[in-house]
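Architecture at a glance
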Amino acid sequence: GDVCGSLPRALVERGHRVMVVAPRYGNYPDALDTCIRQKVWLYGGTHEVGYFHCYRDGVDYCFVDHTTYHRAGNPYGDANGTFGDNQFRFTLLTLAALEAPLSVPFGGHPYGEDVVFMANDWQAALVPVYLAAKYRPAA
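Note that the coordinates shown come from a computational prediction; the quantities given were computed from them, not determined experimentally.

In this approach, a probe sized like a water molecule rolls over the atoms, and the result shows the empty space that is left. Taken as a whole, the largest pocket encloses approximately 1100 Å³ of empty space. Lining the largest pocket are 35 residues, and of these M19, V20, V21, F117 and M118 sit closest to its centre. Looking at the lining of the largest pocket, the elements that each hand over two or more residues are α1 (3–13), β1 (18–23), β4 (59–65) and α2 (86–103). Class assignment for the residues of the lining of the largest pocket results in 28 nonpolar, four polar and three charged. If you add up the space inside the second largest pocket, you get close to 200 Å³. Around the second largest pocket, the lining residues are L98, P101, L102, G112, E113, V115, F117, L131 and Y135. Breaking the lining of the second largest pocket down by element, the ones donating at least two residues are α2 and α3 (127–135). Looking at the lining of the second largest pocket, the element that brings in the most residues is α2, giving three residues.

Structure follows, in structure tokens:
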């Protein structure tokens with residue numbers, strides 16, 4: 001089955017608090033602006049992202065908002081080919097996703113530091129890399 005569709009609900013049924021993070025590619029009618037903005041350092045500059053939220057079937061759906069996600073075509077390209085900034089866009093998504101449990105108060109409070117990340121698909125491939133490099137305590 002569909003990992004992003006079925007796994008979150010299965011984890012909720014087992015008693016877990018679950019968040020799914022994805023880019024906000026469009027104006028989803030049930031996703032509300034949290035008014036939380038986060039500055040992310042990437043490629044030599046600071047980029048601001050916003051977070052939209054929808055709660056469905058016991059799952060917090062978090063949509064990362066940035067201007068690079070709002071364009072014609074599909075998430076990866078258009079009739080002219082692959083978007084040249086995909087590496088930037090999906091690295092930004094990774095960094096914003098890692099901040100979401102710490103800074104976005106879903107259900108009145110953030111998830112905090114005691115979380116597990118599941119990186120599904122190549123767009124999330126940098127999640128474990130940044131998680132280890134940026135958030136693991138130096139030993």
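Our focus in this paragraph is the environment of F83. One can find F83 in the loop between β6 (81–82) and α2. The sequence separation of F83 and A100 amounts to 17 residues, and the corresponding C-alpha distance is 25 Å. Those residues in contact with F83 that sit more than four places away from it in its chain are R71, A72, N74, P75, Y76, G77, D78 and R89.

A sheet is described by the order of its strands in space; here four strands give the open sequence β1-β4-β3-β2, paired in mixed fashion. This sheet does not close on itself; its edge strands, each paired only once, are β1 and β2 (32–42). Along the sheet, successive strands turn relative to each other by an average axial angle of 30°, direction set aside. Where β1 meets β4, six bridges bridge the pair, whose relative direction is parallel. In the strand pairing of β4, P23 is matched with V64. On top of the sheet, α2 reaches β1, β2, β3 (45–56) and β4; it is set at about 120° to β2, its chief contact.

Attention now moves to the confidence of the model for the protein. Looking at the protein as a whole, the pLDDT averages 92, with 97% of positions reaching at least 70. The weakest mean pLDDT in the protein belongs to α1 at 87; the strongest belongs to β3 at 97.

With that out of the way, let us pick up the pattern of salt bridges. Side chains bearing opposite charge may pair, as long as their charged atoms lie close to each other. Tallied over the full model, the rule gives six salt bridges. For the salt bridge of E48 with K39, the shortest nitrogen-to-oxygen distance reads 3.2 Å. Overall, the relative accessible area of 42% leaves E48 in the partly exposed class.

Scoring rules and cut-offs
- Residues numbered from 1 in each chain as written.
- Predicted model: local features only at pLDDT ≥ 70, side-chain atom pairs only at ≥ 80, totals over all residues.
- Heavy atoms only, no water.
- 1 Å grid on protein atoms, 1.4 Å probe; cavity = no way out; pocket = protein on both sides within 12 Å on 5 of 7 lines; lining within 4 Å.
- Points joined across faces, edges and corners; volume = space filled by probe spheres on them.
- Helix = DSSP H or I, 4+ residues; strand = E, 2+ residues; numbered from the N terminus.
- Nonpolar A, V, L, I, M, F, W, Y, C, P; charged D, E, K, R; others polar.
- Contact = heavy atoms within 4.5 Å.
- Pairing = 2+ DSSP bridges.
- Axes fitted to C-alpha atoms, helices over the stretch in contact; angles between N-to-C directions.
- pLDDT = per-residue confidence, 0-100.
- Salt bridge = Lys/Arg side-chain N within 4 Å of Asp/Glu carboxyl O.
- Buried < 20%, exposed > 50% of the residue type's maximum accessible area, 1.4 Å probe, protein only.

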